[in-house]
Amino acid sequence: MVRTALYNWAHARHHGGKLVFRIEDTDAARDSEESYHQLLDAMRWLGIDWDEGVEVGGPDGPYRQSERGEIYADVIERLKAAGHIYESYSTAEEITERHRVAGRDPQLGYDGFDRDLTDEQKAAFRAEGREPVWRLRMPDEDITFTDLVRGEITFRAGSTPDYVVVRANGKPLYTLVNPVDDALMRITHVLRGEDLLSSTPRQVALYRALIDIGVTDRVPVFGHLPYVMGEGNKKLSKRDPESNLFLYREQGFLPEGMVNYIALLGWGYSADQDIFTREQMVERFDAANVNPNPARVDIKKATAINADHMRMLAPEDFTARMVPYLQAAGVVSDPVTEHERAVLAAATPLVQPRMNLLGEAPDMLRFLFVADEDLEIAPDATAKLGENADAVLERAVSELEGLEAGAFTAAEIGGALRAAIIEDMGIKPRLAFGPLRSAISGRRISPPLFESMELLGRESTLRRLRSFRELLAGA
């Protein structure tokens, strides 16, 4: 859904058009205010704005189909008067039986039986207590249209049965209200999913009927977008975790990164560039360049693209975007204190080049905001430290005790520890600094070690090194 909205938005912006955002909520059993607000939240988070529609207004409102009943009723009466739609009393069982008796496939669908009922036949059906649905009279000719993505497509005459547009209770179906809204809102282009391609001849036929009764003067240009595939080469389902936009947001994807990645699910910026901004996408996007072949969700690629966009943020912007994730995890206060803000500003240059998702911030930075005695040591932080871990910790404490607080800088710390542990003790860097990293951060992976020690300060660093050494000795 989001990919479809993004492509419509980019196509409209590229061509200087308008994006109309309406809500198709005629199915009361499926539609809710919660889902409505989720749609708005998704669009706004991604920066997909619209020119006319819900919350914005415009000349063709209201923009929720549930509020347009009188408009549809008027169009329905005009279609009836012109003979474009007709009463149909056949039940599904009767249609199936007629196919079976005639030796046809029972699954062929509606057979046109009610097209030319006489007034007497209609009266007889009504006398039985039947209420008719109303079907659109499909033309007895091929329907051809040019798809923006797939080129010219033809549906042969008779391949699409007359279909229901109005229920027996008089309420219009989506099959009617969607084209009617397009017509009344002067929609020129419709980009939608490939799964709706088979319904397009029905809509083209209805548009032609709407042209005949003066509701519109055009059939929109359609572009049917490729499927998005998930795990196991299956079409992505709403039930698949990969399809949940808000799950990506919770994990810490940037809206810029998501827009970039979603855009690549069927379209490419250039042969040698995968990273681009919204503005760059608008500059180049044209639905005619969408690949009709299915696209596949690749979380690793999405994460890598997001990481690139993280690097592109100004440091103060990056810091600000980490804050909600840190607050949600209880790492910093709400509101953030001046001290916490200063630590975050100093830590940003250390973590911004190393993080892929904003959701990594709590684990990456928690050690800077906890008291030394409250530092939690991850289970794997004591593994694979090497047989010299105790000696490394002892030597590090000895060397750092010799540094005055005023000289406790990353450069001085690094120089002292490299000389003592790597050069003097002859220990390889990974084994030399692994125990120190675990002691300082409680994790095997952390921001740069010497800079982290500088941020913690001399006394805190020494307390953590001693405490970790005691932990290993008692293990």
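For the structure, see preceding data.
Computed from a predicted structure; not experimentally measured.

Rules and cut-offs
- Residues numbered from 1 in each chain as written.
- Predicted model: local features only at pLDDT ≥ 70, side-chain atom pairs only at ≥ 80, totals over all residues.
- Heavy atoms only, no water.
- Phe/Tyr/Trp six-rings, centres within 6.5 Å; stacked < 30°, edge-to-face > 60°.
- Helix = DSSP H or I, 4+ residues; strand = E, 2+ residues; numbered from the N terminus.
- Buried < 20%, exposed > 50% of the residue type's maximum accessible area, 1.4 Å probe, protein only.
- Polar contact = N/O pair within 3.5 Å; in protein donor to acceptor, adjacent residues only side chain to side chain.
- Core = buried A, V, L, I, M, F, W, Y, C linked by side-chain atoms within 4.5 Å.
- Contact = heavy atoms within 4.5 Å.

**A look at the packing of aromatic side chains**
Any pair of aromatic rings gets described here by the distance separating the centres and the angle formed by the planes.
Part 1: This model, assessed by the stated rule, comprises twelve aromatic pairs.
Part 2: Pairing F21 with W50 gives two aromatic rings, centres 4.7 Å apart and planes at 75°, and the pair type is edge-to-face. On the criterion of sequence distance, the pair formed by F21 in strand β1 (residues 20-21) and W50 in the loop between α2 (33-46) and β2 (52-53) is long-range, its members being 29 residues apart. Pair check on accessibility: F21 and W50 agree, each one buried.
Part 3: Taking 6.2 Å as the distance between ring centres and 10° as the angle between the ring planes, the aromatic pair formed by F145 and F155 counts as stacked.

**Here we look at the side chain of R22**
Part 1: By secondary structure assignment, the location of R22 is in the loop between β1 and α2.
Part 2: Taking the relative accessible area as the measure of exposure, R22 reaches 13% and is therefore buried.
Part 3: A distance of 2.8 Å separates the side chain of R22 from the side chain of N178, its partner in a polar contact.
Part 4: Side-chain polar atoms of R22 contact the side chain of D182, separated by 2.7 Å.

**A few points about the nonpolar core**
Part 1: Judged by nonpolar contacts, the single largest core of 82 residues is most densely connected at L79, L136, L210 and M281.
Part 2: If near-sequence neighbours (up to four positions away) are discounted, L210 is found in contact with V75, L79, P179, V180, A183, V215 and T216.
Part 3: Of all hydrophobic cores here, the second largest spans 52 residues; its members include V332, A396, V397 and L436.

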